[in-house]
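# Observations on chain architecture
Listed here are the chains, written in short residue letters.
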Amino acid sequence: MKTAAAGVAASRAFAQTPRITITPLGDNLYLLTGAGCNIVGQTGPEGVVMVDGGLAQNAAALAQAVAALPNGGPVRTLFNTHWHPEQTGSNAALGMAGATIIAHENTRLWLQQNITWPWNHQQFKKFPKIAQPNKTFYDKGALDSGIRYGYISDAAHTDGDLYVYFPQQNVLAVGDAAYGQGWPVVDWWTGGWIGGIVGGLQRIQTVANKDTKIVPAQGPLLSFADIAAQLDMYGNIYDRLNQMLNKGRGPSEGVEAKPAKEYEAKMGNSDEFIRRSFESLWAYLSPDA
Ligand SMILES: [Zn+2]
């Protein structure tokens, strides 16, 4: 797989081998990128604690990278910030290896069933029991090492979002409840909605402080000020969509009205985001929904 003579099969294998990049976040704490989402790993004598597991096809490479960290080793505790494939691709391997997989109960419920997104017909297969979260919670919890976690009950992205806070390094992993780049996916099929994006950012502000490094599932790290700026933007968009909903408008009219126009230079075309957001309002607020 390293030379041109190695053949087609090998070059295909090379294309599928992800390059995992490691960035220190503080004592024994690392950001791992390249496996499908941002992953936070803490090493220690009791094994590695990892937040999210990347895509399944990258699980082996990720496990190798984690084992090679200073004081690294096998993952003993894995958090799923929500059910999406970018977060849960290491569940099968780590579940079989006996790791504790922590998630909100709603995340386990989604992983127990086949899911099809109505907007693009993308299908997700239910997980075998060994790959499902084996330690679920409803509100919050803590590990012996001091790591705290809790439910982001606003449904920013799904109805099973969680945060994990590392107090020693002042790092907060929030999954897709905040985005580091581009417009978020509003997965209203499994509970996310535009009002939840606003509520989730407010909740993140109550868990973080002004020096906290906030790790979204995608894109660069966020500061407390970044969260405040996002809250301002999504709050404006939410208000505008709500006004249109109250006037009886629908998703296509919402997209046409360009309610996120002034943010597009920085964020990119918002049409898909606005359509999903409007649909999410229907799912949450419409009297006949
Ligand atoms: Zn997601």
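Anyway, here's the lowdown on the structure attached to this text. All values derive from a computational prediction rather than experimental measurement. (Residues numbered from 1 in each chain as written. Predicted model: local features only at pLDDT ≥ 70, side-chain atom pairs only at ≥ 80, totals over all residues. Heavy atoms only, no water.)

### Quick look at the pattern of salt bridges
Side-chain pairs of opposite charge can arise where the charged atoms are in close proximity. Following the criterion strictly, the structure yields eight salt bridges and no others. As a salt-bridge pair, Lys-210 and Asp-211 come within 3.6 Å of each other at their nearest N and O atoms. Both residues of the pair, Lys-210 and Asp-211, count as exposed. Among the salt bridges present, the one from Lys-258 reaches Asp-271, with a minimum N-O distance of 2.9 Å. Here Lys-258 is found in the loop between helix 8 (251-256) and helix 9 (264-267), whereas its partner Asp-271 is found in helix 10 (residues 271-285), with 13 residues between them in sequence. Among the charged side chains, a salt-bridge network with shared partners connects Lys-258, Glu-264 and Asp-271. (Salt bridge = Lys/Arg side-chain N within 4 Å of Asp/Glu carboxyl O. Buried < 20%, exposed > 50% of the residue type's maximum accessible area, 1.4 Å probe, protein only. Helix = DSSP H or I, 4+ residues; strand = E, 2+ residues; numbered from the N terminus.)

### Side note on the pairing of strand 13 (residues 171-175)
Most of strand 13 is tucked away: five of the five residues are buried. Going residue by residue along strand 13, you find Val-171, Ala-173 and Gly-175 tucked away on one face and Leu-172 and Val-174 tucked away on the opposite face as well. As paired strands, strand 12 (residues 162-166) and strand 13 are joined by three bridges and run antiparallel to one another. From the neighbouring strand, Tyr-165 faces strand 13, where its bridge partner is Leu-172. Where strand 12 folds back on strand 13, the antiparallel hairpin that results is connected by four residues, among which Asn-170 adopts a positive phi of roughly 55 degrees. (Pairing = 2+ DSSP bridges.)

### Comments concerning the coordination of the zinc ion
The zinc ion binds to the protein through His-82 (NE2), His-84 (ND1), His-157 (NE2) and Asp-176 (OD), with metal-donor distances spanning 2.1 to 2.3 Å. In this structure, the zinc ion is coordinated by four donor atoms arranged in irregular fashion, with angles at the metal of 89 to 174 degrees. Taken in chain order, the donor set of the zinc ion reads H-x1-H-x72-H-x18-D. With a gap of 94 residues between them, His-82 in the loop between strand 5 (75-79) and helix 3 (85-88) and Asp-176 in the loop between strand 13 and helix 6 (194-207) connect regions that are remote in the sequence. (Donors = N, O, S within 2.8 Å, 3.2 Å for Na, K, Ca; no water. Tetrahedral: all angles 85-135°; square planar, octahedral: opposite > 155°, others 65-115°.)

### As for helix 7 (residues 224-246)
Over its 23 residues, helix 7 extends 33 Å from the first C-alpha to the last, a length consistent with the 33 Å expected when each residue adds 1.5 Å. Every buried residue of helix 7 is listed here: Ile-227, Gln-230, Leu-231, Met-233, Tyr-234, Gly-235, Ile-237, Tyr-238, Leu-241, Asn-242, Met-244 and Leu-245. In the segment just after helix 7, Gly-248 is the residue with positive phi, at about 85 degrees. (Expected span 1.5 Å × (residues − 1).)

### Some points on the sheet that holds strand 4 (residues 48-51)
Strand order in the open sheet formed by seven strands is 1-2-3-4-5-6-9, with mixed pairing between adjacent strands. Two strands in the sheet have a free side with no partner beyond their single neighbour: strand 1 (21-26) and strand 9 (135-137). Across the sheet, the mean angle from the axis of one strand to that of its neighbour is 20 degrees, orientation sign disregarded. Relative to strand 2 (residues 29-33), strand 1 is paired through five bridges, and the arrangement is antiparallel. The residue bridging Thr-23 from the neighbouring strand is Leu-31, located in strand 2. (Axes fitted to C-alpha atoms, helices over the stretch in contact; angles between N-to-C directions.)

### Concerning the pairing of strand 4
Of the two faces of strand 4, the one carrying Val-48 and Met-50 and the one carrying Val-49 and Val-51 are both buried. Pairing of strand 3 (residues 39-42) with strand 4 involves three bridges; the strand directions are antiparallel. What sits directly across from Val-40, in strand 4, is Val-51. Where strand 3 folds back on strand 4, the antiparallel hairpin that results is connected by five residues, among which Gly-47 adopts a positive phi of roughly 95 degrees. Here strand 4 runs beside strand 5; their pairing, made up of four bridges, is parallel.

### Description of the environment of Cys-37
Relative to the assigned elements, Cys-37 resides in the loop between strand 2 and strand 3. Along the sequence, Cys-37 and Lys-261 sit 224 residues apart, while their C-alpha atoms lie 28 Å from each other. What Cys-37 contacts, discounting residues up to four positions off in sequence, is Leu-32, Asp-52, Gly-54, Glu-86, Gln-87, Ala-217 and Gln-218. (Contact = heavy atoms within 4.5 Å.)

### Here's the deal with helix 6
The end-to-end C-alpha distance of helix 6 is 20 Å, a good match for the 20 Å that 14 residues give at a rise of 1.5 Å each. Buried within helix 6 we find Ile-194, Gly-195, Gly-196, Ile-197, Val-198, Gly-199, Gly-200, Leu-201 and Ile-204. Tucked inside the fold, the buried residues of helix 6 contact strand 13, strand 14 (213-216), helix 7 and helix 10.

### Considerations on unusual backbone geometry
In this model, Asn-28 sits at a positive phi of 60 degrees, which is unusual for a non-glycine residue. Here Asn-28 is to be found in the loop between strand 1 and strand 2. For Asn-28, a relative accessible area of 33% gives the class partly exposed. Non-glycine residue Lys-258 carries a positive phi angle of around 50 degrees. For Lys-258, a relative accessible area of 27% corresponds to the partly exposed category.

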